[in-house]
Amino acid sequence: MEIVIDRLDGPEIAAFLQAHLDDMRAVSPPESKHALDLEGLKAPAITFWSAYDEQTLVGCGAIKELTPDGGEIKSMRVHGAARGRGVGSAILQHLITIARGRGYRTLKLETGAMAFFTPAHALYRKHGFVDCEPFGEYKPDPNSLFMELTIE
């Protein structure tokens, strides 16, 4: 698998991210949907990566810099056909390595609290993330789970 920085200008990643947004809209109330659209992911504070198995897009993830010593994971997604093959772990480990290289002390995320997100919760916990309070501009929300990793 190859994980590369993506400029978000191709139709394949646009469709992949639209499927992500469609999933989020289907399971999260509008006030609890925090997934960024394609233009939102092009913000200067965000670096976005796509993961490929051969020539097939199998996943993605991004880091948004929150402070000079901390970031937020955004838009983690694994293609349905690639789930259970370690793609999510590989992308997450890549993001953690990047965060460590940037000198971040923490890496945070917001994900849904519903059963749909249980596999994501397990993935993040497997890699050392623990529950935390809302951060940044997030507010307490029963539909959101906030997590953080302390990077050493």
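Residues numbered from 1 in each chain as written. Predicted model: local features only at pLDDT ≥ 70, side-chain atom pairs only at ≥ 80, totals over all residues. Heavy atoms only, no water.

### Comments concerning the side chain of E110
Mapped onto the elements, E110 comes out in strand β5 (residues 106-112). Here E110 sits buried without a salt bridge, and the closest side chain of opposite charge, K74, lies 5.6 Å off (N-O distance). Within the structure, E110 has its side chain in polar contact with the side chain of S144 (distance 2.7 Å). Setting aside residues no more than four positions away along its own chain, E110 makes contact with S32, H34, E72, F135, Y138, S144, L145 and F146. (Helix = DSSP H or I, 4+ residues; strand = E, 2+ residues; numbered from the N terminus. Buried < 20%, exposed > 50% of the residue type's maximum accessible area, 1.4 Å probe, protein only. Lys, Arg positive; Asp, Glu negative; His and termini not counted. Salt bridge = Lys/Arg side-chain N within 4 Å of Asp/Glu carboxyl O. Polar contact = N/O pair within 3.5 Å; in protein donor to acceptor, adjacent residues only side chain to side chain. Contact = heavy atoms within 4.5 Å.)

### So, helix α1 (residues 11-27)
With 17 residues, α1 extends 25 Å from end C-alpha to end C-alpha; this agrees with the ideal 24 Å at 1.5 Å per step. Looking only at α1, the buried set comprises I13, F16, L17, H20, L21 and M24. Looking straight down α1, one finds its buried side chains confined to an arc of 140°; they lie on one side. Turned more than 90 degrees away from the buried face of α1 sit P11 and A26, all of them exposed. (Expected span 1.5 Å × (residues − 1). Arc of directions from axis to C-beta.)

### Examining helix α2 (residues 87-101)
The end-to-end C-alpha distance of α2, which contains 15 residues, comes to 21 Å, matching closely the 21 Å that a straight helix rising 1.5 Å per residue would cover. Taken together, the buried positions of α2 are V87, G88, S89, I91, L92, L95, I96 and A99. Where α2 ends, the next residue or the one after it, G103, has phi of about 85°, a positive value.

So, to be careful, I would describe these as geometric facts and stop short of saying anything about function.
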